[in-house]
Amino acid sequence: MNREFTQLLSDWKLGDASARDRLIEAAYPELRRIANRQLAGERRNHTLQPTALVNEAWLRLNGAKGMDLADRTHFVRITAKLMREILVDHARRFNAAKRDGGERVGLTNLVIADERADVDVVGLDTVLAQLEAIDPDKGRIVELRYFGGLTIEETAEAMGMSPATVKRHWMAARVWLFDALSGQENP
């Protein structure tokens, strides 16, 4: 399946419209799963639905010029990042519409997407950008695990690291992000 997916990406890059259509069909269930994970921690009355999030991410991906997607893992990482950007943009617009800046929901614990509590997406994006500037590997691990929904093993494969190293970095990143979101000094 990964080899077929990579071939579809390659054919799409070369301008094959039928490869793009087959890629959409092959990727849609996974994109929908990522969207569901990302929306799981959002407020109950969130106006963005998983299908809309997938469609918007696909439109951004399809419209990106010069993007060279190497394989399924790279595709998932880029798509998860696009969905993160869409949610952050959506949250900023929502907060701007509120006179008091909108309700800010604190993060009680940073865990993987299936188990996460309500999260201030704009705040998380801000501190994640800080983490990425300090330690790009930890930032990428958070993006793959939290936003992409990848397992430790899948993240290790994508990062070219051992699962034990990814687990250590994941734990350290979670602590750092929790402290940053709690307003404490970063380690």
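Residue numbers here run from 1 along each chain, matching the order of that chain's written sequence. For this predicted model, a pLDDT threshold of at least 70 governs which residues receive local features, and a threshold of 80 or more governs which side-chain atom pairs are given and counted, while totals over whole chains, interfaces and linings are taken from all residues. As a convention, hydrogens and water are excluded, and side-chain values are obtained from all of the structure's heavy atoms.

Colleague: Go over the overall build of the protein chain, please, and point to the residues and values.
Modeller: Strands here mean DSSP runs of E at least two residues long; helices mean DSSP runs of H or I at least four residues long; both are numbered from the N terminus. Scanning the protein chain from N- to C-terminus turns up eight helices and zero strands. For every residue, the accessible area (1.4 Å probe, protein chains only) is compared with the maximum for its type, and the residue is labelled buried under 20%, exposed over 50%, or partly exposed between those bounds. Per-residue burial for the protein chain yields a buried fraction of 47% across its 187 residues. When checking whether two residues touch, look at their non-hydrogen atoms; a contact exists if any pair is within 4.5 Å. For the protein chain, long-range pairs separated by at least 24 residues make up 62% of all intrachain contacts whose partners lie at least 6 apart in sequence. Computed with the Shrake-Rupley method and a 1.4 Å probe, the accessible areas treat only the protein chains shown as cover for residues. Of the roughly 10000 Å² that the protein chain leaves accessible, carbon and sulfur atoms contribute 50%.

Colleague: Go over the nonpolar core, please, and point to the residues and values.
Modeller: To form a nonpolar core, buried Ala, Val, Leu, Ile, Met, Phe, Trp, Tyr and Cys residues must be joined to one another through side-chain atoms within 4.5 Å. Ranked by size, the top nonpolar core spans 51 residues in total, and within it Leu53, Leu61, Phe75, Met83 and Val142 carry the most contacts. Mapped onto this core, the elements with two or more residues apiece are helix H1 (2-13), helix H2 (17-40), helix H3 (50-63), helix H4 (72-97), helix H5 (121-134), helix H6 (136-147), helix H7 (152-159) and helix H8 (163-181).

Colleague: Describe the confidence of the model for the protein chain, naming the residues involved and giving the relevant values.
Modeller: Looking at any residue, its pLDDT shows the predictor's confidence there, from 0 to 100. This prediction gives the protein chain a mean pLDDT of 78; 80% of its residues lie at or above 70. Within the model, pLDDT remains below 50 along residues 99-117, and this stretch shows 36 contacts once partners closer than five positions in the same chain are excluded.

Colleague: Any chance you could break down the packing of aromatic side chains for me, citing the residues and the numbers?
Modeller: Note on ring pairs: Phe, Tyr and Trp rings are taken, using the six-membered ring of Trp, and paired if centres are within 6.5 Å. Classes follow the plane angle, with under 30 degrees stacked, over 60 edge-to-face and the rest tilted. Summed over the entire model, instances satisfying the criterion amount to two aromatic pairs. Geometrically, the ring pair formed by Phe5 and Phe75 is edge-to-face, given 5.2 Å between the ring centres and 70 degrees between the ring planes. With Phe5 in helix H1 and Phe75 in helix H4, this residue pair connects regions lying 70 residues apart in the sequence. Here the two residues Phe5 and Phe75 agree in accessibility, since each one is buried. Ring geometry for Trp12 and Trp58: centres 5.3 Å apart, planes at 15 degrees, overall stacked. In this pair, Trp12 sits in helix H1 while Trp58 sits in helix H3, placing the two residues 46 residues apart along the sequence.

Colleague: Run through H7, naming residues and quoting values.
Modeller: Because each turn of an α-helix spans 3.6 residues, side chains separated by three or four positions end up pointing in the same direction. Taken together, the buried positions of H7 are occupied by Ile152, Thr155, Ala156, Ala158 and Met159. Taken down its axis, H7 places every buried residue within 165 degrees of arc, on the same side. Within H7, the exposed residues directed more than 90 degrees away from the buried face are Glu153 and Glu157. Backbone geometry just after H7 places Gly160 at a positive phi near 70 degrees. Picture the helix axis, draw a direction to every C-beta atom, and the arc is the one those directions span.

Colleague: Report on the packing of H6 against H7, specifying residues and quantitative values.
Modeller: For every element, the axis is a line fit to its C-alpha atoms; helices are fit only across the contacting stretch, and the angle between N-to-C directions ranges from 0 to 180 degrees. Relative to each other, H6 and H7 sit at 135 degrees, their axes nearing to 10 Å. By the angle class used here, H6 and H7 are oblique. Note on packing geometry: the crossing formed by H6 with H7 is right-handed. Taking contact as the criterion, the partners of Asp137, Arg140, Ile141, Leu144 and Arg145 in H6 are, on H7, Ile152, Thr155, Ala158 and Met159. In this classification, the charged set is Asp, Glu, Lys and Arg, the nonpolar set is Ala, Val, Leu, Ile, Met, Phe, Trp, Tyr, Cys and Pro, and all remaining amino acids, among them Gly, are polar. Looking at the contact of H6 with H7, its residues break down into five nonpolar, one polar and three charged. Every angle not falling under 35 degrees, over 145, or within 65 to 115 is termed oblique; those three ranges are roughly parallel, roughly antiparallel and roughly perpendicular. Note: crossing handedness is left-handed where the near helix turns anticlockwise from the far helix by less than a right angle, and right-handed where it turns clockwise.

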